[in-house]
Amino acid sequence: MAIVAVLFVLFTSLKGIAGFYTDYLWFGEVGFRQVWRTTLGAKVLLSVLFTVGAFLLVWLNLLIADHIAPVFRPAGPEDEIVARYQEVVGPYAGKIRVVVAVLFALIAGTGAASQWRDWLLFRNSVAFGTKDPLFHKDVSFYTFRLPFLGDVLDWLFVSLVLVLVLTVVAHYLNGGIRLQSPVQRVSAQVKVHISVLLALLALTKAATYWIDRFNLVLSGDGYVQGAGYTDVHARLPAKNLLVLIMLAAAVLFLVNIRQRGWALPVIGVLTWGVVALVAGVIYPAFIQNVKVNPAEAAKERPYIVHNIDATRAALNLGGVNESDYNYTDQLSGQALIANAGTISNVRLWDPDTLKDTYQNLQEIRRYYQFTDVDIDRYQVQGQTRQVVLSTRGLNPSDIPGNSWVNRHLQYTHGYGAVLSPANAVDPQGRPDYLVSDIPPVVADGGPQIEEPRVYFSEDLPGFAIANSKTPEIDYQSLQGEDKTSSYQGKGGVTLSSFMRRAAFFLRFSDFNILVSSEITPQSRILFNRDIQTRVRSIAPFLSYDSDPYPVVAGGRIFWVQDAYTTSDRYPYAQTVRSDGLRAGAELGGKSFNYIRNSVKVTIDAYSGEVRFFVFDAEDPIVKTWSKAFPGMFLPGTDAPTELRDHVRYPEDLFRLQANMFGTYHVTDPGTFYRGTDAWDLAQDPGTGRVSDTLQQAVTTPATVPGQGGVQIPVVSSKTRRMDPTYLLLRLPNEKDLSFLVLQPFVAASGNDQQKLLTAFLVAKSDRGVYGQMNAYVMPRGEQIDGPLVVNNAIQSDPDISRELSLLDNKGSKALFGQVQLIPIENSILYVRPLYVTSEQTNLPEVKRVIVVFNGRAVMKPSLRESLITLFGDAPATLEQQSSATTGATGGTGSTGGTGATGGTGTVAPGVQALLDQASAALQAADQALANKDLAGYQAKVKEAAGYIDHARAAQAAGGGSANPSGDTTTTTAPAGSSTTSSTTTTTPST
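The notes below deal with the structure included here. As the structure is a computational prediction, the values presented were derived from the model and not from experiment.

## Looking at the overall build of the chain
What the chain contains, in helices and strands, is 28 helices and 36 strands. Within the chain, counting contacts between residues at least 6 apart in sequence, those at least 24 apart form 69% of the total. Summed over its atoms, the accessible surface of the chain is roughly 40,700 Å², and 56% of this surface lies on carbon and sulfur atoms.

This is the structure in structure tokens:
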């Protein structure tokens, strides 16, 4: 049994040493060994200083206790205990003193290593350039210096209490204290020693009270966060008084050295206790209830002003450009055509829904996976297009077989990415890919991928050993042949020696690393492959966004990870409400009142290279970390141009800012106190299966006034709020498209009954205007539908409800997409895609697009057809299947309409014949829908799409004729769309 215990301790110790050594190797591999050294040095320095300090305090006081021990005391009942102690311990007193001091020093000192962040910030602090309104100190004092000073005082007080207890015990065992003595119970020398220690404790407590005064600017006891009326007029004087009391107590302890008894110290302690209770607790409560509460608005007014100013500064809300949105319900097809860039980029694919489609169509093999789908914008044939994309990462849980070689040597990486326009679908309602398949197939205008291998990605645990004798699987060819490669990157640690292999064997408890003959000295072990684990391991002092996203740039795949600097010590700023963040978001588990998205981290998906770019050089916290870790952070201007073009304003930060802006857009303290102009994030209508979300509209009494004073029934609201939405659109009074994130607001209400739109907030992502935030406020008193009211308009429309029932029936599922608010000129348009999938395949396809304007909802097979139905005309869109139905049913409308074929409006006879057949097919589809024949309906719509595809091709060719034979014909996108890539479709036979 003893041998087993020894072996266990030995293995655990070796494992710890191996972990330390392999960390050293890994930090060298990623190029941040200096960060590792600095962090380790700070931990060691603090541990040594505080441990040595605790050792000296304990050892010196025990030495004094032994030195002043009485040589002779009158006999008493406790003499036997003292005699036995001195008999046994006396010869070893010096050694025991050292052992006791070491033991307690380790307890009191080693924990100080956890304060390494506070120490580095204290040592490298830079000024904010802003002072608090109470003590007039720079904010850096509160964020960088005060925390470490508090750490030191806490350690000192605990250490002195520990020393006092040990000293009293030592004096008792040495005979200097006798509890049952009929004469003097404490010798004069012992009294001096204890009095000095008590005086030091009192001085430490006085310093603690002095420091605590400054923490009042972080108080949460008033109406808002920060020092309020009671803090300034009651608690601050109380703390000042307590400082004086503790200084006086220290003097009494020292004076007591020459006095008989302990009356003076007892008086000092009792005085401190009474003052702490009366001045620190009772008096503030009295002031709050008698003086503040009856006139809170007036008493707290100046402190509310401080809180508003500090919160807006700490959360970077002071620069939000707030403007009136001159809403009008007069929107025309001509206005839509004038905003063709916005309309052609309306997103039809929700990332969560598209993930299922990608998984079914593009995973290719089970050992690949799409963990997330992200939204970005790319230049496609000279035009900016909103796209959705995802990487095809490795799925370690579904690697064929379960052999060690397969899991660690052969299946080492994912392969390629999938990228498709967010607003385009093919004739089947599926994504119209710009990048797809294995090996990557790139459509005209799509970004090229020269290095498609993905060794570092999201949700990738464990380790892989690359560049071994075993070939690494890339993909299988159409002929079933395995295409392989060997890693040539610089990522990972080379297993160039037996010691390194042994160290990694101990780290991962995997004996195969040590003995496998497939591993060569050139092999590299890749670990920390999950990108968030990778960046957190390098810089744990930053906080990270929950949604890293891939970027295809320069022929490679990169990951962009947003990083934040945060603090919970910005004077007077309100703690951020983090509700609504996605599950597991790091910011959701932290308490802070200051935040900046100062750093963008890039990770090469092939090499694993990590680079930290500073995008907010004015942030004092990132300046401080830059001083602490010289060379770690690079200027944002050093980031490659292609990567800078894909930087986006992070969703987590925008959600937090929107949460707070709903309250802190108000700058008048009276209005702020009354809460009459507070906003809340708009309620989320939800997504998912129609049959799960469709509700019967409530007719009474739950109604809200809609456009024109009509009372609109509203379905019951859930507490969930809408997530921010990435959009590519042109804002009112601007000339160019902006890639931005948008959040709508409704008026705040305790019962959540307010559902009319009050404002929407946007943050831009494009270079030159990155981070610019605008708030558009709806006219006061106007009744403008919010997202939940729009959802009700959709669900209560009888035609839409009837068609939804047909689509969500007989083995198929209809899925609601997100409700998107699209500002057009000075109007508000709502768009919601509808997906249909088989219950067996779970392959969502875009089959309908719902558009709502001014209380009227329309659902058609395409966005353009819905718009034409509402407004009479609309610009061309990128929906291949919907351009067919649109051309057959909607005219050209006003001048500039493209019609069915995308031409000039002149239709050749052959083209007209095709359009007539398409029209007949659509009429048959309507009849099938009325008869609840879903299969027949879908078949006729598809047939009409084929006719119009041929009509478009014939018109482009100069006339042509109908081609009902089913031959394959090459067609082009309709005029006015932003792509000219060719698409091959097959016309259904008639």
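## Some words on the pairing of strand 34 (residues 856-860)
Taken together, the 5 bridges between strand 33 (residues 845-853) and strand 34 define a ladder with antiparallel strand orientation. The residue bridging V852 from the neighbouring strand is A857, located in strand 34. Hairpin connection of strand 33 to strand 34: 2 residues between the antiparallel strands, including N854 at a positive phi of 55°.

## As for the nonpolar core
Core analysis: the largest hydrophobic core is formed by 105 residues, its most contacted members being F612, M632 and F633. Sorting elements by how many residues they give to this core places helix 6 (residues 139-174) first, with 8 residues. Aside from chain neighbours lying at most four places away, what touches F612 is F32, V535, I538, A539, L542, Y544, V599, K600, V601, M632, F633 and L634. Grouped together as the second largest cluster of nonpolar side chains are 102 residues, A759, V790, A814 and Y830 included.

## Some remarks on the side chain of E296
One can find E296 in helix 10 (residues 296-314). Look at E296: it is buried, it has no salt bridge, and the nearest opposite charge is R235 at 11 Å. Within the structure, E296 has its side chain in polar contact with the side chain of Y673 (distance 2.8 Å).

## Observations regarding the sheet that holds strand 15 (residues 524-526)
Ordered by their spatial adjacency, 3 strands build an open sheet running 11-15-14, and the pairing between neighbours is antiparallel. Edge positions in the sheet fall to strand 11 (464-466) and strand 14 (493-494), since each of these pairs with one other strand and no more. The pairing of strand 14 with strand 15 spans 2 bridges and is antiparallel. Across the sheet, the residue bridging to T494 is R524, located in strand 15.

## A few points about the packing of aromatic side chains
Counted under the stated rule, the structure contains 46 aromatic pairs. A centroid spacing of 6.4 Å and a plane angle of 45° characterise the contact between W26 and F527, whose relative ring orientation is tilted. Here the residue W26 occupies a position in helix 1 (residues 2-30), and F527 occupies one in the loop between strand 15 and helix 17 (531-538), the gap between them amounting to 501 residues. Judged by its relative accessible area of 1%, W26 falls in the buried class. Between F508 and F527, the ring centres sit 5.7 Å apart and the planes meet at 75°, which makes this aromatic pair edge-to-face.

## Brief notes about helix 24 (residues 798-807)
For helix 24, every residue scored as buried is listed here: I800, E803, L804, L806 and L807. Down the axis, helix 24 shows its buried residues gathered within 160° of arc, on one side only.

## Section: the packing of helix 9 (residues 263-292) against helix 10
Close contact between helix 9 and helix 10 brings their axes to 9 Å; oriented N to C, the two are set at 120°. As far as their axial angle goes, helix 10 and helix 9 are oblique. Here Q288, K291 and V292 of helix 9 come into contact with helix 10, specifically with E296, K299 and E300. Of the residues contributing to the contact of helix 9 with helix 10, the split by class is 1 nonpolar, 1 polar and 4 charged.

## Details of the environment of Y544
Of note, Y544 is situated in strand 16 (residues 543-544). With 43 residues separating them along the chain, Y544 and L587 place their C-alpha atoms 7.5 Å apart. Contacts of Y544, omitting those with residues within four sequence positions, involve V535, R536, A539, Q561, D562, A563, Y564, E586, V601 and F612. At 3.2 Å, the side chain of Y544 and the backbone oxygen of V535 are in polar contact.

## A word on the packing of helix 10 against helix 20 (residues 651-664)
Running from N to C, helix 10 and helix 20 point in directions that differ by 155°, and their axes come no closer than 11 Å. Viewed along their axes, helix 10 and helix 20 adopt a mutual orientation that is roughly antiparallel. For the pair helix 10 and helix 20, the sense of crossing is left-handed. From helix 10, N307, I308, T311 and R312 reach across to helix 20, where they touch M660, F661 and Y664. Partitioned by chemical class, the residues of the contact of helix 10 with helix 20 number 4 nonpolar, 2 polar and 1 charged.

## Looking at unusual backbone geometry
Following I438, the chain continues into P439 via a peptide bond in cis, with omega recorded as -10°. Considering the arrangement of structural elements, one finds P439 in the loop between strand 8 (435-436) and strand 9 (441-442). Positive phi, close to 70°, is recorded for Y572, a residue that is not glycine. Here Y572 lies in the loop between strand 18 (556-567) and strand 19 (594-604). With a relative accessible area of 2%, Y572 lands in the buried category.

The rules we used
Residues numbered from 1 in each chain as written. Predicted model: local features only at pLDDT ≥ 70, side-chain atom pairs only at ≥ 80, totals over all residues. Heavy atoms only, no water. Helix = DSSP H or I, 4+ residues; strand = E, 2+ residues; numbered from the N terminus. Contact = heavy atoms within 4.5 Å. Areas by Shrake-Rupley, 256 points an atom, 1.4 Å probe, with all protein chains shown as cover. Pairing = 2+ DSSP bridges. Core = buried A, V, L, I, M, F, W, Y, C linked by side-chain atoms within 4.5 Å. Buried < 20%, exposed > 50% of the residue type's maximum accessible area, 1.4 Å probe, protein only. Lys, Arg positive; Asp, Glu negative; His and termini not counted. Salt bridge = Lys/Arg side-chain N within 4 Å of Asp/Glu carboxyl O. Polar contact = N/O pair within 3.5 Å; in protein donor to acceptor, adjacent residues only side chain to side chain. Phe/Tyr/Trp six-rings, centres within 6.5 Å; stacked < 30°, edge-to-face > 60°. Arc of directions from axis to C-beta. Axes fitted to C-alpha atoms, helices over the stretch in contact; angles between N-to-C directions. Parallel < 35°, antiparallel > 145°, perpendicular 65-115°, else oblique. Nonpolar A, V, L, I, M, F, W, Y, C, P; charged D, E, K, R; others polar. Left-handed = near helix turned anticlockwise from the far one by under 90°.

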